[in-house]
Amino acid sequence: MVRNVELSGYKVPTPIQRYCIPAINMGHDVIAVAQTGSGKTAAYLIPILNKLMGKAKKLAAPRPGIDTPVRAEPLVVIVCPSRELAV
Ligand SMILES: Nc1ncnc2c1ncn2[C@@H]1O[C@H](COP(=O)(O)OP(=O)(O)OP(=O)(O)O)[C@@H](O)[C@H]1O
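Residues numbered from 1 in each chain as written. Predicted model: local features only at pLDDT ≥ 70, side-chain atom pairs only at ≥ 80, totals over all residues. Heavy atoms only, no water.

Each helix and strand in the protein chain was counted, giving 5 helices and 0 strands. When its helices and strands are written in sequence order, the protein chain yields α-α-α-α-α. Restricting to contacts in the protein chain with at least 6 residues of sequence separation, those with at least 24 account for 37%. As displayed, the protein chain has an accessible area near 7,200 Å², and 60% of this comes from carbon and sulfur atoms. (Helix = DSSP H or I, 4+ residues; strand = E, 2+ residues; numbered from the N terminus. Contact = heavy atoms within 4.5 Å. Areas by Shrake-Rupley, 256 points an atom, 1.4 Å probe, with all protein chains shown as cover.)

Encoded structure:
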């Protein structure tokens, strides 16, 4: 995960990321407010992706002919205040 963040060109976390990423990694719920362009998206997506990595089997939907029990369920809900931010 850290390597991929570095490959994205992110060398230093923004202030909102510095506070949010450790808190989310510890399992806390977070409500954060910061101005546009301050890096809020990565502040929640980096720890979310970190938690989801390695859980592909759990995320996979059941498929016909495959005996291994797998299930599909939402693990993350991201709420946006407008349609434009969601697309
Ligand atoms: N740690 C970082 N280092 C360098 N660039 C970053 C970092 N975090 C985010 N960025 C870049 O800064 C830009 C703005 O980030 P982003 O759009 O995620 O901010 P935001 O706060 O979510 O904005 P908005 O309020 O519009 O949703 C993007 O191009 C993003 O790739």
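Here we come to the side chain of S38. Mapped onto the secondary structure, S38 falls in the loop between helix 2 (15-25) and helix 3 (40-52). For S38, a relative accessible area of 17% translates into the label buried. Contact partners of S38, with chain neighbours within four places excluded, come to T14 and I16. (Buried < 20%, exposed > 50% of the residue type's maximum accessible area, 1.4 Å probe, protein only.)

For the ligand, the full set of nearby residues is Y10, V12, P13, T14, Q17, Q35, T36, G37, S38, G39, K40 and T41. The separation between a nitrogen atom of the ligand and a polar main-chain atom of V12 is 2.9 Å. In the model, a nitrogen atom of the ligand is placed 2.8 Å from a nitrogen or oxygen of the Q17 side chain. Across the complex, the protein chains shield 61% of the 640 Å² of accessible surface that the ligand would expose by itself. Considering only residue class, the shell around the ligand consists of 3 nonpolar, 8 polar and 1 charged. (Near = heavy atom within 4 Å. Polar contact = N/O pair within 3.5 Å; in protein donor to acceptor, adjacent residues only side chain to side chain. Nonpolar A, V, L, I, M, F, W, Y, C, P; charged D, E, K, R; others polar.)

With that out of the way, let us pick up the state of the cysteines. One pass over the structure, following the stated rule, counts 0 disulfides. C80 provides the cysteine sulfur closest to C20, a residue in no disulfide bond, and the two sulfurs are 15 Å apart. Since its relative accessible area comes to 31%, C80 is described here as partly exposed. (Disulfide = S-S within 2.5 Å.)

Attention now goes to the confidence of the model for the protein chain. Across the protein chain, the average pLDDT comes to 85, with 80% of residues at or above 70. No element of the protein chain has a lower mean pLDDT than helix 4 (residues 56-59), at 66, and none a higher one than helix 2, at 96. This complex was scored by the predictor with a pTM of 0.82 and an ipTM of 0.95. (pLDDT = per-residue confidence, 0-100.)

This brings us to the packing of helix 2 against helix 3. Remark: helix 2 packs on helix 3, axes separated minimally by 9 Å, with the N-to-C direction vectors making an angle of 25°. Between helix 2 and helix 3, the interaxial angle falls into the category roughly parallel. Both helix 2 and helix 3 take part in a crossing whose hand is right-handed. Touching I16, Q17, C20, I21, I24 and N25 of helix 2 are K40, A42, A43, Y44, I46, P47, N50 and K51, all from helix 3. Residue classes in the contact of helix 2 with helix 3 are distributed as 9 nonpolar, 3 polar and 2 charged. (Axes fitted to C-alpha atoms, helices over the stretch in contact; angles between N-to-C directions. Parallel < 35°, antiparallel > 145°, perpendicular 65-115°, else oblique. Left-handed = near helix turned anticlockwise from the far one by under 90°.)

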